[in-house]
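Working through the structure, step by step
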Amino acid sequence: ALITGATSGIGKATAELFAANGINLILCGRRQERLDNLQSALGSKTNVLTLNFDIRDRNAVSEAIDSLPDNTEIDILINNAGNAHGMDTIDQGSLDDWDAMLDINVKGLLYISKAIIPQMVDRKNGHVINIGSTAGKEVYPKGNVYCASKHAVDAINQGMRIDLNAHGIRVGAVN
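Below or above, wherever it landed, is the structure these notes cover. Quick caveat, the model's predicted, so the values are computed rather than measured.

A few points about the layout of surface pockets
- By volume, the largest pocket is sized at about 390 Å³.
- What lines the largest pocket is a set of 23 residues, among which Gly 5, Arg 30, Asn 80, Ala 81 and Gly 82 lie closest to the centre.
- At the level of elements, helix 1 (9-20), strand 2 (25-29) and helix 5 (144-165) are the ones that each hand at least two residues to the lining of the largest pocket.
- Estimates place the volume of the second largest pocket at around 220 Å³.
- Forming the walls of the second largest pocket are 13 residues, and the residues nearest its centre are Asn 24, Ile 26, Leu 49, Thr 72 and Glu 73.
- For the lining of the second largest pocket, the secondary structure elements donating two or more residues are strand 2 and strand 3 (48-52).
- For the lining of the second largest pocket, a count of residues per class yields seven nonpolar, four polar and two charged.

Concerning empty space enclosed by the protein
- This model, assessed by the stated rule, comprises two cavities of 30 Å³ or more.
- In terms of lining, the largest cavity is formed by 14 residues, of which the most central are His 85, Gly 86, Asp 88, Trp 98 and Asn 144.
- Going through the elements one at a time, helix 4 (95-123) and helix 5 are the ones with two or more residues in the lining of the largest cavity.
- Classifying every residue of the lining of the largest cavity by side-chain character gives four nonpolar, seven polar and three charged.
- Considered as a void within the structure, the second largest cavity measures approximately 50 Å³ in volume.
- Every residue along the wall of the second largest cavity is listed here: Thr 4, Ile 55, Asn 79, Asn 80, Ala 81, Ile 104, Asn 105, Gly 108, Leu 109, Ile 131 and Lys 150.

About the thresholds
- Residues numbered from 1 in each chain as written.
- Predicted model: local features only at pLDDT ≥ 70, side-chain atom pairs only at ≥ 80, totals over all residues.
- Heavy atoms only, no water.
- 1 Å grid on protein atoms, 1.4 Å probe; cavity = no way out; pocket = protein on both sides within 12 Å on 5 of 7 lines; lining within 4 Å.
- Points joined across faces, edges and corners; volume = space filled by probe spheres on them.
- Helix = DSSP H or I, 4+ residues; strand = E, 2+ residues; numbered from the N terminus.
- Nonpolar A, V, L, I, M, F, W, Y, C, P; charged D, E, K, R; others polar.

Dropping the structure here:
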């Protein structure tokens, strides 16, 4: 299983649960120290590889995935990396916050999916779980761009499910 955003929150909890069940892990994140700590904590339960990169950088995503050993088969992709910045009305919103949310929550999910899914298609097997949010179903005051990014995750998830069904790849979401 490859888990993005594995160094905290849902990603870390998922890594711990998977390790307890003997699932080999590839843990991705931006903070090397946290990745090292996870590898130490979980390495006695299962095989743990770590990849330190920023999911917003498509070249870094490609380089990280290309650095995996040749025989690495990823059966489960957990698209967890995401963030929420700013709590401003649309007229007061920060362009930097908007860029960060769209780059991580939407483009990052697409970059890592593009890097992993072709091998699942070749094997006609795999499972993709996209971590969304109830903000992808409803909007709330001052959540404008974050909600939009999570609505995009929901749409990508639905489209991914349609596109990959013919290849035997299961696609789901946790919101």
